[in-house]
Structure formats: C-alpha cells, structure tokens
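Residue strings, one per chain:
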Amino acid sequence: MIKKLYKSHKEYILLGIVLILAIFFRYYHIYQWQFFGMDQAYEAFLAQNIVTGHHFPLIGVNASDTGLYLGPLFIYFAAIPFFLSGGNPLGWSIVASLLGVVTTLVIFWVGKEMYNTRVGFLAAFLYAGSMLAAFYDRQFWNPMFVPLFSLIIGYFSFLLLKNSKKSVIVLAVLMGLSLHIHLSLLIFLPLVLYVTWKKKKLIGTKLIVASIILFIFLQLPQIFFEVRHGFVNTREAFALLSAKSNNTQTFLSRNNIFLSSVGRFVLLPFASDLSLQSGQCISLIGYKKDDIFLGFIVLFLILIVYFDRAGVFVEKVLKRKRKGPPVEFSAGSRVIVFIFFLSLLFTEFYTRGVFEYYFLFLFPWLAILLGRILDYTAQNRYGRMSIISVLLIFAVFNLVSLFTARFSFSYEKKMAAVNFAKKYVTAGNYSLEAVGECARFGGYRYLFGHFAGIPVSSYMDSYFGWLYPTGRVKEQNLTVLLSLIDPREDAKTLSKWENIKLSLILENRIIAQNNFDTIQIYVLGAKK
C-alpha cells in the first residue's frame, strides 16, 4: 500500500522533502540570525515614511554607492510586510525566507521544463540545502528578489528560443522591474536582446513596440523624479561612465570572489561567523572563509561535464570536422551557457568593488547546472548510487555548517540591548552613540527609535537624517553608548575606538551598564 502510494505520488513526496529542507535551512534560528544592518535600516525608514504618510518616494535606494538610484517599486512592496508586522524586522525576515522557499520551488519547475524532472529535483535539492543560498535568502533587502528574477528571465528567454513569441512581453516587464531591484540583473540584458533578435521575425514589430512601451511605463516614477529634480540620476549615470572610480578591485581579487562564491555555494566552511560572510566588512575580510579551490573544482567539472551528452562532446566535435550533422546545444543549454559567459565577462571587466551578493543571480543556475551533471551521472552503471552518495554528503556537510555557524553582534543581542535601554530612556530624552568599526552599522538607530523611543540625535544622523520627520526636540538628558568594538580588528583600530569610548564615559556619569555577548551598553548622564 505504502509502496503503491509512493509510486503514484512520487513527485509530490520528493518535492515536499525538498521544500521541508529549504524551510529548515531558512527558518532555523530565524529570530537570532535575522539580518538587520544599515541597508535594512535604510529601507525600513523609507517603508516607514510610506506607511506613516510622511513621504512617498519616486526613487528607491542608492545602487551600491554608484550615485544612481533604483526605482521605488521594491520599497512600495517592502511597505506591505512592514505595515503588517507593525515595523518589526522579524516580519521582514519571515517574508525573505519564504521567498527563498518559493525560489527553490521555481528552480524545480525550471529544471524540469528545461531538461527533465530529475534535473528539477536535483537542482532544487542543491539550492534548498546550500547554506550559502540560505544565508542570503534570509535577508530582506532589495537584492532578495535577484535569484527569483534571474530564474524567470532565463526561463522566458528559453521559452522565446522555443518559439513562444509572447515571452518577449514578459521579458520586457521583468527587465523593467529589474531596475527597481538591483543593477546586477542588467547582466541579462544582452541575453534578452540576443533571444529577441534571434526570434525577431517570429515576434513581429507590434510585440516589440509593445514591449518597449511596457519597459518605459515601468520607469515612470524615475522619469517623474528626473523631470522634477533636473535629471540628477541621468547626470550621475554619465558621470559614472566618464569618471574613473576610486572604488576599484584588482583582476585577481574579482576572480577570487567569483571562484569563492561558486565553491561556497557547495559548502560554506564550518563554524562561520555569519555577520561577516557577505564580505562587506573590509577590515575583517580575512574571517570570511573563502573557498577558491572548491570553486575551481566545481567550475572545472562544469566545463568538462556540462554538455548535452557528457563526456562525448570532444568526440562529437571531432566527428563534426569529418562528417555528420553539426553539434548544437539545446535551448536550455544555450541560455545557461550564455548566463555563465556573461558572468565571466562581468567578473573580468567590471572593475568597481565586487561583493559576493553581486552573484546572487548565478546561484539558481549553478544549482541547475550541478543538477544536470548529476543527471548525466545517473545514466551510468552505478549512477544512482553515486547520486545518493553525493546528495547525502552535500546535505550532511551543509547541516554541519548550519549547526556550527554563529552570529557575532546578533539580532537577538541587539534587541537585548534595546530592551535594557528601555528601562531608562524615553522618546526625546536621549541621544544614541556607538563606537566600533563595521558593527556599528547594524541598524541600531532604527531599532532604538522603533522599540525604545526616537532619540534626539544619533551617530547615524549624517546617513539617515534626511529621512526623519522634522520638529524633533533638540535637547537630551541621557546618552546611550553602544560599545561595538570587534576584538578581531587590528591594534590601531582597537586603540582608536577604545580611546573614544573612554573619553565619552569619562565626560559623563554611568547610570547603568550591561554586556550582551559582544555588545556593551552604557546609559550615561551628565556629571553633577
């Protein structure tokens, strides 16, 4: 009976197991490990302004310090869970993790449609159980939609190659929305233009014109903003293209980040500090735990194995020179090869600063590629046993990575500090100060303002002051000092922040103090 039931519902049962794995990796320690840093605080203030009616923006966030601004549609979306959760960041984390589970489901669908059901399952399993994919899927910020959009853009490019001419409309909408999400999605523009040109006769002029109109329509908020503000974004774009950036990386550094991203997708090293894994804290980059060697091995396997018939590609090419029909990739293979080729071009020629999350668009396709390789393996004599062994090793190693991970300056400890301060401060009677290098950009201004009362001033006002409502009190009785000094910093940096901290304490009297793991908090009052 059970065997019969399994055979008749095999696809649903296996998919259910994959989704349970995805849920577990993305919701494990969701409160303790939720990400709320400077980017999230920035977007929280923007969403808060929409919900409270203080300001309705026509642009979104600054795009990776380029001076360019994205469209506002992501912020409009972010305002919905912000409102439903009452501004509590936990609501955002729940939504972000759920989106990661949905992305896993879409990977299954795309892998199945491009190749076969087994590829879909294998790819979804790899994405679901990748600790690195789960690490990024937990974060609510504008790049969170990149993996899903990457999948859908690639899939509809595949459909267009398969003569689904209406797919060009969907691609136009997706590329239009991409300018509201993250500029890394522009890497798909050459692919979209290629498949559109390839099928231009099938599509016809009317559909192409309609697609262009839809794309422009989705940029109307930015266009209105440009007209009202003297085309500031356009001028920044020209300045960016013409000026030489000071924020550059070496060729070797960019390639190392790319290789490491591929390797870490397969296995995030054990006992990782999650607060450092995005590599955005430059001073502590050595604690990120790169895996360049594993990335090289994975890419080497892809180059050797990933062709329509693994292991015989070279032989087919040689035969083609002598006789026989030309060798062609399937439509799915052409799309994926194109995506990887564009990724390599981006790595080689984008000289500005590159972070690992810039490659979020690649992770779903990496899962599908590896699923395809495992599918090839299944066709061999001992293929199924090999697949089961590989998947078990992958799952066990990533579970060990999950269970041994830690989070310095965690959200749980941040909230413990906020709740401690609530006993002594109220809105308008305190200022907020912090000492430390990277950790002080941990979203504290928003958290204290939302949960403990809005401070009169804070150390983040130079960044976020333009987002606050006017009419605040200009005097305060207390100072909340956060000591967020990371002991892993170099001696010079430690000495600098310790001296600043000491001077602030000596200038005031300590009313209360407490330690929450790596966070020290002082409530200070003026000396009598």
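Our subject is the structure that appears above.
Summarised in this report is the structure supplied together with it.

Conventions we followed
Residues numbered from 1 in each chain as written. Predicted model: local features only at pLDDT ≥ 70, side-chain atom pairs only at ≥ 80, totals over all residues. Heavy atoms only, no water. Pairing = 2+ DSSP bridges. Helix = DSSP H or I, 4+ residues; strand = E, 2+ residues; numbered from the N terminus. Axes fitted to C-alpha atoms, helices over the stretch in contact; angles between N-to-C directions. Parallel < 35°, antiparallel > 145°, perpendicular 65-115°, else oblique. Left-handed = near helix turned anticlockwise from the far one by under 90°. Contact = heavy atoms within 4.5 Å. Buried < 20%, exposed > 50% of the residue type's maximum accessible area, 1.4 Å probe, protein only. Nonpolar A, V, L, I, M, F, W, Y, C, P; charged D, E, K, R; others polar. Core = buried A, V, L, I, M, F, W, Y, C linked by side-chain atoms within 4.5 Å. Arc of directions from axis to C-beta. Salt bridge = Lys/Arg side-chain N within 4 Å of Asp/Glu carboxyl O. Disulfide = S-S within 2.5 Å.

## With respect to the sheet that holds strand β5 (residues 519-526)
Line of reasoning, step 1. Spatial ordering of the open sheet is given by β2-β1-β3-β5-β4, a layout of five strands whose pairing is mixed. Looking at the sheet topology across the chains shown, the edges are occupied by β2 (457-458) and β4 (508-516).
Line of reasoning, step 2. Judged from the six bridges that link them, strand β1 (residues 430-435) and strand β3 (residues 478-483) form a sheet pairing that is parallel. Across the sheet, the residue bridging to Y430 is L478, located in β3.

## As for the packing of helix α9 (residues 146-161) against helix α10 (residues 167-178)
Line of reasoning, step 1. Direction vectors running N to C along α9 and α10 enclose 155°, while the axes themselves pass 9 Å from each other. Accordingly, the angle class assigned to the pair α9 and α10 is roughly antiparallel. Note that α9 runs across α10; the crossing there is left-handed. Mapping the contact onto sequence places F149, I152, I153, F156, S157, L159 and L160 in α9 and S167, V168, V170, L171, L174, M175, L177 and S178 in α10.

## Details of unusual backbone geometry
It is generally the case that most residues other than glycine have a negative phi and that most peptide bonds are trans.
Line of reasoning, step 1. Look at A271: it is not a glycine, yet its phi comes out positive at around 55°.
Line of reasoning, step 2. Tracing the sequence through the fold places A271 in the loop between α16 (251-266) and α17 (292-305).
Line of reasoning, step 3. Its identity is not glycine, yet F409 carries a phi of approximately 55°, on the positive side.
Line of reasoning, step 4. Its place among the elements puts F409 in the loop between α21 (383-404) and α22 (411-421).
Line of reasoning, step 5. F409 gets classed as buried once you look at its relative accessible area, which sits at 7%.

## A word on the packing of helix α4 (residues 38-52) against helix α5 (residues 73-84)
Packed helix pairs are specified by the crossing angle of their axes together with the interaxial distance, meaning the distance between the axes.
Line of reasoning, step 1. At a closest axis distance of 8 Å, the pairing of α4 and α5 adopts a crossing angle of 75°. On the basis of the axis angle, α4 is roughly perpendicular to α5. Residues E43, A44, L46, A47, Q48, I50 and V51 of α4 form the contact with α5, whose participating residues are F74, I75, Y76, A78, A79, F82 and F83.
Line of reasoning, step 2. Taken together, the residues of the contact of α4 with α5 sort by class into twelve nonpolar, one polar and one charged.

## Examining the nonpolar core
Line of reasoning, step 1. Grouped together as the largest cluster of nonpolar side chains are 148 residues, with contacts concentrated most on F188, W365, I368 and F448.
Line of reasoning, step 2. In this structure F448 touches A417, V418, A421, Y430, L432, G453, V480, L482 and I521, once residues within four positions along its chain are discounted.
Line of reasoning, step 3. Counting seven residues, the second largest nonpolar core, distinct from the first, contains I485, W497, Y522 and L524.

## Digging into helix α14 (residues 220-228)
Line of reasoning, step 1. For α14, the complete set of buried residues consists of P221, Q222, F225 and E226. In an axial view of α14, the angular spread of the buried residues amounts to 135°, which keeps them on one side of the axis. In this structure, α14 carries V227 and R228 as exposed residues pointing more than 90 degrees from its buried face.
Line of reasoning, step 2. Looking one or two residues beyond α14, the residue adopting positive phi is G230, at roughly 65°.

## Overview of the pattern of salt bridges
Line of reasoning, step 1. Applying the stated criterion across every chain yields a total of ten salt bridges.
Line of reasoning, step 2. R488 is the salt-bridge partner of D486, the closest N and O atoms lying 2.8 Å from each other.
Line of reasoning, step 3. When its relative accessible area of 7% is taken as the criterion, D486 is described as buried.
Line of reasoning, step 4. Through salt bridges with shared partners, one network takes in R264, K288, D290 and E356.

## Side note on the state of the cysteines
Line of reasoning, step 1. Evaluated as defined, the whole model comprises one disulfide.
Line of reasoning, step 2. The disulfide partner of C281 is C438, and the gap between their sulfur atoms is 2.0 Å. Handedness here is read from the sign of the S-S torsion; for C281 and C438, about 85°, the answer is right-handed. Remark: C438 occurs in the loop between β1 and α23 (444-451) and C281 occurs in the loop between α16 and α17; sequence separation between them is 157 residues.

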